[in-house]
Amino acid sequence: MYVMVLNVFVYAHDALMLLLYYSKTLGRRYSLKVTVLGAAGWWLVHSAVRLPAIYLSDDYNLTVITILQNVVMLIYLLVFYGSSVVKKLLAYMLLLSVLGIGECATMLLAGNLFDMGSKPLELGSEFTAAGLLIGRPVAILSFYIAFQIWNILQRSIWVRGGRQWLCALLPLSQAFLFWYLNEAYIFKVKMLPAPVLLGVILGFAADIYMFFIFDRAQERENMEERLRLQEHLHEMEKLRYDRLCASMEETARLRHDFQNYLLALRAMPETDGKRKEDGDGFPAEEGKSEHTDKRKGIDSLCT
């Protein structure tokens, strides 16, 4: 019975790690107190769904249990954490993939140290207790690795674009693979072969490498877009410069014509000609003074 109690505490530790992981990756929707209550609720429901069937029943359907626990986890994510549905799915599937690799490695290590017995999870089994204890540091390391991978992906430009779904679907494929492996090897009293575990790890590494390929492709697309924008701005600036030069040339031409007109006015004779001897009703000196004032005005415009 102590093994089942130990498993309950293991799930409590998982609830705490999930709270920290999702708070850092997705952000809490409510206060810390409410989120802690939500994590406690997940812990109770998860334990009630999984433990009685595995430990107290000889005939259970692992697929149904796995589907139920995933539904409970998705409800927990949707209710208590923020961010978009795509990022929630990505954070969950990324964690599930890394934890799956850690679980396979734990079962392989425990199987080499202890006899598995009639089934991998049973009351009073040294193999089960050893697996639960070995799995704790492995789980902490898995949470840390998933969080670091998340940080790397969030620094990538393409994660915020339309390729977000690929981030979630690729780890999802690994999650389905883990379902099969757990059912085919662990829950049928067969140890997971090392080549199979290596293949799972390499497949997950290929998913991460694919992320970086998409990231570099998106970065190249953004660079080309910026280059096209700069070329467009350069063409607009060149067109504006050509129009400004044409306007300056037109202004210079008008100024030149105006100066020629003023010079022509300056070249006029000092008087408009000899006034007629019988006079025009104004003294000669007065007419000369008026003409001199007009010349001074013209001279000031020319200068």
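Residues numbered from 1 in each chain as written. Predicted model: local features only at pLDDT ≥ 70, side-chain atom pairs only at ≥ 80, totals over all residues. Heavy atoms only, no water.

S.K.: A description of the confidence of the model for the protein chain should follow, citing residues and the corresponding values.
M.R.: Confidence along the protein chain averages 76 in pLDDT terms, with 70% of residues attaining 70 or more. Within the protein chain, helix H8 (residues 284-302) has the poorest average pLDDT of any element, 53, and helix H1 (residues 2-25) the best, 90. Below pLDDT 50 for its whole length, residues 274-278 participates in 2 contacts with residues either more than four positions away or in separate chains. (pLDDT = per-residue confidence, 0-100. Helix = DSSP H or I, 4+ residues; strand = E, 2+ residues; numbered from the N terminus. Contact = heavy atoms within 4.5 Å.)

S.K.: I'd like a description of helix H5 (residues 126-154), backed by residues and values.
M.R.: Between the first and last C-alpha of H5 there are 41 Å, a value that for 29 residues agrees with the 42 Å anticipated at 1.5 Å per step. Helix geometry: H5 is bent most strongly at arginine 136, by close to 35°, with proline proline 137 lying one to four residues after it. (Expected span 1.5 Å × (residues − 1). Bend = angle between axes of the 7 residues up to and from the residue.)

S.K.: Got a sec to walk through the pattern of salt bridges? Specific residues and values, please.
M.R.: For the structure shown, the criterion picks out 5 salt bridges. Across the salt bridge formed by aspartate 242 and lysine 238, the nearest N and O atoms sit 3.5 Å from each other. Remark: lysine 238 and aspartate 242 occur in helix H7 (residues 194-266); sequence separation between them is 4 residues, near one turn of the helix. Taking the relative accessible area as the measure of exposure, aspartate 242 reaches 37% and is therefore partly exposed. The exposure class of lysine 238 is partly exposed, given its relative accessible area of 48%. Of the charged contacts, one joins glutamate 250 and arginine 253 as a salt bridge, the two residues approaching to 2.5 Å between their closest N and O atoms. Here arginine 253 and glutamate 250 lie together in helix H7, a separation of 3 residues that amounts to about one turn. Classification of glutamate 250 by relative accessible area gives partly exposed; the value is 36%. Overall, the relative accessible area of 42% leaves arginine 253 in the partly exposed class. (Salt bridge = Lys/Arg side-chain N within 4 Å of Asp/Glu carboxyl O. Buried < 20%, exposed > 50% of the residue type's maximum accessible area, 1.4 Å probe, protein only.)

S.K.: Can you tell me about the environment of valine 34, naming the residues and giving the values?
M.R.: Position of valine 34 relative to the elements: it lies in helix H2 (residues 32-56). Given the relative accessible area of 34%, valine 34 is considered partly exposed. Along the backbone, valine 34 and phenylalanine 80 are 46 residues apart, and their C-alpha atoms lie at a distance of 8.2 Å.

S.K.: For the side chain of lysine 88, give the residues involved together with the corresponding values.
M.R.: Mapped onto the elements of the fold, lysine 88 is located in helix H4 (residues 85-113). Buried within the structure, lysine 88 lacks any salt-bridge partner; aspartate 14 is the closest side chain of opposite charge, at an N-O distance of 21 Å. A polar side-chain atom of lysine 88 sits 3.4 Å from the main-chain carbonyl oxygen of leucine 77. (Lys, Arg positive; Asp, Glu negative; His and termini not counted. Polar contact = N/O pair within 3.5 Å; in protein donor to acceptor, adjacent residues only side chain to side chain.)

S.K.: Just give me the short version of the packing of aromatic side chains, but keep the residues and values in it.
M.R.: The final tally for this structure, using the stated rule, is 6 aromatic pairs. The interplanar angle of 80° and the centroid separation of 6.3 Å between the aromatic rings of tyrosine 30 and phenylalanine 80 together place this pair among those described as edge-to-face. Residue tyrosine 30 is located in the loop between H1 and H2, and its partner phenylalanine 80 is located in helix H3 (residues 62-80); the two are separated by 50 residues in the primary sequence. A relative accessible area of 41% means that tyrosine 30 is categorised as partly exposed. Aromatic ring contacts, followed pair by pair, group Tyr21, Tyr22, Tyr30, Tyr76, Phe80, Tyr81 and Phe143 into a single cluster. (Phe/Tyr/Trp six-rings, centres within 6.5 Å; stacked < 30°, edge-to-face > 60°.)

S.K.: Can you explain the packing of H3 against H4? Please cite residues and give values.
M.R.: Contact geometry of H3 with H4 gives a least axis separation of 11 Å together with a crossing angle of 135°. In terms of orientation, H3 lies oblique with respect to H4. For H3 against H4, the interelement crossing comes out right-handed. Between H3 and H4, the contacting residues are Asn70, Met73, Leu74, Leu77 and Leu78 on the first element and Lys88, Tyr92 and Leu96 on the second. Of the residues assigned to the contact of H3 with H4, the class counts are 6 nonpolar, 1 polar and 1 charged. (Axes fitted to C-alpha atoms, helices over the stretch in contact; angles between N-to-C directions. Parallel < 35°, antiparallel > 145°, perpendicular 65-115°, else oblique. Left-handed = near helix turned anticlockwise from the far one by under 90°. Nonpolar A, V, L, I, M, F, W, Y, C, P; charged D, E, K, R; others polar.)

S.K.: Break down the nonpolar core for me, citing the residues and quoting the values.
M.R.: Core analysis: the biggest nonpolar cluster contains 31 residues, and Tyr21, Tyr22, Met73, Tyr76 and Tyr81 have the highest contact counts within it. Sorting the residues of this core by element identifies H1, H2, H3, H4, H5 and H7 as the ones contributing at least two each. Per-element accounting of this core gives the leading share, 9 residues, to H4. In contact with tyrosine 76, not counting residues within four places along its chain, are Leu19, Tyr22, Thr35, Gly38, Ala39, Trp42 and Tyr81. Grouped together as the second largest cluster of nonpolar side chains are 8 residues, Val3, Val10, Tyr55 and Leu132 included. (Core = buried A, V, L, I, M, F, W, Y, C linked by side-chain atoms within 4.5 Å.)

S.K.: Go over the packing of H1 against H2 with me, naming the residues and quoting the values.
M.R.: Where H1 contacts H2, the two axes come as close as 9 Å, and the packing angle between them is 145°. Like other packed secondary-structure pairs, H1 and H2 cross with a definite hand, here right-handed. The residues of H2 that touch H1, namely those facing Val3, Met4, Asn7, Val8, Tyr11, Ala12, Asp14, Ala15, Leu18 and Leu19, are Thr35, Val36, Ala39, Trp42, Trp43, His46, Ser47, Arg50, Leu51, Pro52, Tyr55 and Leu56. In terms of residue class, the contact of H1 with H2 is made up of 16 nonpolar, 4 polar and 2 charged.

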